[in-house]
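Residues per chain, in single letters:
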Amino acid sequence: MANAIRALAMDAVEQAKAGHPGLPMGAADIATVLFTRFLKFDPADPAWPDRDRFVLSAGHGSMLIYALLHLTGYEKMTIGEIKRFRQLGSLTPGHPEYDHTPGIETTTGPLGQGIANAVGMAIAERHLAAIFGGDIVDHFTYVLASDGDLMEGISQEAIALAGHLRLKKLVVLFDDNGISIDGPLALADSVDQIKRFDAAGWAATRIDGHDPAAIAAALEAAKKSDRPSLIACRTTIGFGAPTKAGTEKCHGSPLGAEEIAAARQKLGWTAPAFEIPGAIRTQWRSAGERGQPLRLAWEARLAALDPAKRAEFARRTQGALPADKFPAAVRTVKQKLAEAPKEIATRAASEFALEALTVALPEMIGGSADLTGSNNTRTKAMKAMSAADYSGRFIHYGVREHGMAAAMNGMALHGGIIPYSGTFLVFSDYCRPAIRLAALMGRRVIHVMTHDSIGLGEDGPTHQPVEHLAALRAIPNLKVFRPCDAVETIECWQLALENAKGPSVLALTRQNLPQLRRGLDDANRCARGAYELIAAEGGAPAVSLFATGSEVAIAVAAQKLLAARKILARVVSVPCFELLLAAPEAERAAIIGKAKVNVAVEAGIRQGWDEIIGSSGTFVGMTGFGASAPYKELYQHFGITPEKVAEAALARLERS
């Protein structure tokens with residue numbers, strides 16, 4: 001059965017003239033034992049909520065999972081798709097892609113991300129089991145990881161968090177083959193992974209990865225452990241290839257026809273390319289079918305659940321927002337702000353919004369990378385999640401921004417949870433690889449990123465984001481929200497929660513801002529991405545002032561200065577570039593307007609603004625790094641003031 005995986009991997013990589021045959025051939029015995037004797041799954045229902053999750057963190061070895069999906073009977077993974085490995089439009093891309101191929105739990109390839117996603121999946125399983133009970137939520141998360149996964153820094157963040165939370169239903173199978181792309185692993189690494197994982201609070205053991213009995217015994221022990229488990233499986237990369245096995249030559253290149261023929265002979269595999277002998281195919285299909293009775297029994301338990309609890313479980317796993325409580329919560333916040341306007345930082349406005357939203361949406365799981373008091377992501381009613389109580393809805397991630405972001409991806413992939421967490425905007429650099437993957441996978445993950453400009457003040461240029469808004473806006477399918485006051489903050493939260501097909505960033509201030517939106521407005525004005533906050537009085541505007549976040553108030557003050565000079569100007573708040581640029585052309589043009597002069601003001605770099613103000617527009621913002629000083633002095637020092645905005649508009653008018 002393991003040789004069937006090896007044969008398909010050799011053949012598919014050879015036909016594609018590209019790929020990684022070494023890992024699938026080396027890990028075939030591990031995968032065979034796991035999928036035939038331990039993994040709980042049903043190919044007839046790839047989305048069964050209580051299935052075990054299998055994460056191929058070493059995504060370059062994608063033919064391993066594709067072979068397994070085909071052999072166990074996933075309907076869409078035909079032999080035709082195996083033959084189309086790495087071809088345009090196939091279900092067998094170079095690295096596994098979530099929501100593209102049924103049976104793939106997460107998009108992997110960037111090493112370390114998969115193991116960190118798996119930590120999030122295991123957190124989600126423990127939390128939902130605490131909420132809905134072990135009869136409904138009771139499954140394991142298995143990971144196949146490579147030495148590359150464990151060398152990436154994110155792996156340390158992930159395993160430390162998993163060990164701290166004692167995620168006993170998380171099992172990592174380490175394909176310990178001692179080979180990297182450059183050659184023997186010893187060229188670059190000499191870490192004892194057993195000691196490393198043991199120090200992080202895991203149960204760790206080493207076995208022969210080609211001994212089915214040893215693999216099974218280790219998995220049995222892992223299922224009984226009170227801690228997460230590492231099973232280091234000593235394997236030979238490219239097992240069966242007579243001259244390339246055990247070397248880097250079989251890592252990322254086709255074996256070649258001659259080596260494949262010799263490997264077939266050595267393995268005793270006589271079937272032609274892409275053919276699986278009937279008896280072996282039957283064994284594999286039987287292994288795939290063993291999960292169906294388990295799924296049907298689970299469905300019966302679900303059906304016997306209290307109707308209200310069953311409906312809530314279905315709602316959460318489907319990712320639907322509560323049709324009544326959610327809009328009511330948003331309206332309540334806006335009504336309170338209309339009755340008693342608040343001059344507060346948008347990070348505080350976010351906390352004010354979360355007090356209502358987290359009650360209406362119990363699936364929201366918050367957190368922070370050791371900046372809880374600064375990010376304002378924990379509401380008064382939220383208790384912390386811990387190894388002693390997984391029902392808590394706030395996670396103390398520690399100083400692990402990258403691991404936090406990837407774990408949130410795992411929670412979103414698992415389903416039943418809307419994860420959000422906080423750090424400083426400047427540390428989005430640490431989160432970026434995971435944010436990019438959330439965007440690629442189309443997962444609802446919400447990043448609260450405070451201290452969003454030079455407005456954070458004295459901490460200085462190391463902590464003051466300058467290029468970060470532009471860098472985040474460059475990621476496809478990521479929405480970056482920068483609200484200007486408390487009203488826009490609740491509206492941006494609403495839009496982020498409604499954005500079920502991608503991640504969102506809320507860039508929030510440290511400094512207090514005036515509430516510019518007064519009165520109760522049931523419509524979400526931020527939904528258009530930009531809108532006219534203040535119209536020009538008395539005629540057509542000569543100037544359009546565009547701004548985001550804390551700089552909207554500066555634009556409003558600049559409008560008054562221009563009015564004193566008899567210059568008509570309008571103010572447009574732009575809380576979300578992505579929504580504005582996605583609007584129909586006529587709607588977008590109407591928002592941007594036809595003023596003679598366009599001026600944008602943002603305490604960041606210009607990059608990205610030309611799509612709104614045009615290349616001839618004027619930009620008032622940052623052109624370099626910040627400095628350490630009280631924030632009001634910094635705005636004066638860098639010329640981001642109402643006076644400078646008005647001067648820029650007047651100068652442009654004189655030239656036009």
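For every chain, the first residue of the written sequence is number 1, and numbering continues from 1 along that sequence. Totals for whole chains, interfaces and linings use all residues, but because this is a predicted model, local features are given only for residues with pLDDT of at least 70 and pairs of side-chain atoms are given and counted only at 80 or more. Hydrogens and waters are ignored; side-chain quantities use all the structure's heavy atoms.

1. Describing the overall build of the protein chain
Heads up, the condition is: A run of DSSP states H or I qualifies as a helix once it reaches four residues; a run of E qualifies as a strand once it reaches two. Both are numbered from the N-terminal end. Atoms considered for the radius of gyration are the C-alpha atoms alone. The globule rule reads 2.2 Å times the number of residues to the power 0.38. Here a residue-residue contact requires only that any non-hydrogen atoms of the pair lie within 4.5 Å. Computed with a 1.4 Å probe, the accessible areas rest on the Shrake-Rupley method; for each residue, only the protein chains presented here act as cover.
For the protein chain, the helix and strand inventory stands at 26 helices and 18 strands. A compact globule built from 656 residues should have a C-alpha radius of gyration of about 26 Å, and the protein chain, at 27 Å, falls within 12% of that. Within the protein chain, contacts between residues at least 6 apart in sequence are counted, and of these 78% link residues at least 24 apart. When the accessible surface of the protein chain is totalled, it reaches about 24,200 Å², and 52% of it is carbon and sulfur.

2. What about the sheet that holds strand 2 (residues 141-145)?
Where we set the bar: The pairing criterion for strands is at least two bridges between them, as found by DSSP. Think of each axis as a best-fit line through the C-alpha atoms, taken over the contacting stretch in the case of a helix, with angles from 0 to 180 degrees between the N-to-C directions.
With respect to topology, five strands assemble into an open sheet ordered 1-2-3-7-6, the strand pairing being parallel. Lying at the two open borders of the sheet, with one neighbouring strand each, are strand 1 (53-56) and strand 6 (203-208). Between one strand axis and the next, the sheet turns through 20 degrees on average, direction left out of account. Pairing analysis gives six bridges linking strand 6 to strand 7 (residues 229-234), with the strands arranged parallel. Within strand 7, the position partnered with Thr205 by the bridge is Ile231. Its contacts with the sheet place helix 2 (residues 22-38) against strand 1, strand 2, strand 3 (170-176) and strand 7, and it is angled at close to 170 degrees to strand 2.

3. What to know about the side chain of Thr141
Structurally, the position occupied by Thr141 is in strand 2. Those residues in contact with Thr141 that sit more than four places away from it in its chain are Arg53, Ala118, Met121, Ala122, Lys169, Leu170 and Val171.

4. Considerations on the pairing of strand 3
As a reminder of what qualifies: Summary of the burial criterion: residues with accessible area below 20% of their type's maximum are buried, those above 50% are exposed, and those between are partly exposed, where the area comes from a 1.4 Å probe applied to protein chains only.
Of all seven residues that make up strand 3, seven are buried, and the element is covered over most of its length. Burial of the side chains of strand 3 extends over both faces: Leu170, Val172, Phe174 and Asp176 are buried on one face and Val171, Leu173 and Asp175 on the other. Pairing of strand 2 with strand 3, which is carried by five bridges, proceeds in the parallel orientation. Paired with Val143 across the strands is Val172, a residue of strand 3. In this structure, strand 3 lies alongside strand 7, joined through six bridges in parallel fashion. Bridging from a neighbouring strand, Val171 pairs with Ser229 of strand 7.

5. What to know about the pattern of salt bridges
Short version of the rule: In the sections that follow, a salt bridge refers to a side-chain nitrogen of Lys or Arg positioned within 4 Å of a carboxyl oxygen of Asp or Glu.
All told, the structure shown has 31 salt bridges when counted by the stated rule. Here Asp389 and Lys383 are joined by a salt bridge, their closest N and O atoms 2.9 Å apart. Among the salt bridges present, the one from Arg606 reaches Asp610, with a minimum N-O distance of 2.7 Å. Beyond isolated ion pairs, a larger network of salt bridges with shared partners links Lys334, Glu491, Arg517, Asp521 and Arg525.

6. Points about the layout of surface pockets
Vacant regions in the atomic arrangement are exposed by a probe of water-molecule size rolled over the atoms. The test is simple: Residues are called lining when one of their atoms sits within 4 Å of a cavity or pocket point, these points coming from a 1 Å grid over the protein atoms alone, where a cavity is a set in which a 1.4 Å probe fits but cannot get out and a pocket is an open set with protein on both sides within 12 Å along at least five of seven lines. Grid points are joined across faces, edges and corners, and a volume is the space filled by probe spheres set on the points. Residues are grouped as follows: Ala, Val, Leu, Ile, Met, Phe, Trp, Tyr, Cys and Pro are nonpolar; Asp, Glu, Lys and Arg are charged; every other residue, Gly included, is polar.
Approximately 820 Å³ is the volume attributed to the largest pocket. Along its surface, the largest pocket is lined by 37 residues, and Tyr98, Thr317, Leu413, Gly415 and Arg443 are the ones closest to its centre. Of all the secondary structure elements, the ones that give two or more residues to the lining of the largest pocket are helix 13 (307-318) and helix 17 (401-414). It is helix 13 that contributes the most residues to the lining of the largest pocket, five residues altogether. Here the lining of the largest pocket is composed, by residue class, of 17 nonpolar, 10 polar and 10 charged. In this structure, the second largest pocket encloses a volume near 300 Å³. Every residue lining the second largest pocket is counted, 15 residues in all, and those nearest its centre are Ser550, Ile554, Tyr631, Lys632 and Tyr635. Those elements that provide at least two residues to the lining of the second largest pocket are helix 21 (551-564) and helix 25 (631-637). Ranked by the residues each element gives to the lining of the second largest pocket, the list is headed by helix 25, at four residues.

7. Observations concerning the environment of Phe274
Position of Phe274 relative to the elements: it lies in the loop between helix 10 (257-267) and helix 11 (278-289). Phe274 sits 147 residues away from His127 along the chain, and the two C-alpha atoms are 43 Å apart. Contact partners of Phe274, with chain neighbours within four places excluded, come to Leu8, Asp11, Ala12, Gln15, Ile79, Ile82, Lys83 and Arg264.

8. A few points about the packing of aromatic side chains
The line we're drawing: Whether two aromatic rings pair depends on their centres lying within 6.5 Å, for rings of Phe, Tyr and Trp, where Trp uses its six-membered ring; planes under 30 degrees apart make the pair stacked, over 60 edge-to-face, and the rest tilted.
Scanning the entire structure with this criterion turns up 15 aromatic pairs. Geometrically, the ring pair formed by Tyr66 and Phe85 is edge-to-face, given 6.2 Å between the ring centres and 70 degrees between the ring planes. Note that Tyr66 is positioned in helix 3 (residues 62-72) and Phe85 in the loop between helix 4 (79-83) and helix 5 (113-132), a separation of 19 residues in sequence. Residue Phe85 is classed as buried on the basis of its relative accessible area of 1%.

9. Focus on the packing of helix 5 against helix 7 (residues 153-164)
For clarity, the threshold we go by: Should an angle fall under 35 degrees it is taken as roughly parallel, and over 145 as roughly antiparallel, whereas 65 to 115 is taken as roughly perpendicular and any remaining angle as oblique. Note on convention: near helix rotated counterclockwise from far helix by under a right angle means a left-handed crossing. Clockwise means right-handed.
Axis separation between helix 5 and helix 7 bottoms out at 8 Å; the angle between their running directions is 20 degrees. Considered as vectors, helix 5 and helix 7 are oriented roughly parallel to each other. Between helix 5 and helix 7 lies a crossing whose hand is left-handed. Between helix 5 and helix 7, the contacting residues are Gln113, Ile115, Ala116, Val119 and Ile123 on the first element and Ile154, Ser155, Ala158, Ile159, Leu161 and Ala162 on the second. For the contact of helix 5 with helix 7, the per-class residue count stands at nine nonpolar, two polar and no charged.

10. Observations regarding the side chain of Asp42
Within the secondary structure, Asp42 is located in the loop between helix 2 and strand 1. Judged by relative accessible area, Asp42 falls into the buried class, the value being 5%. In contact with Asp42, not counting residues within four places along its chain, are Trp48, Gly288, Gly291, Gln292 and Arg295.

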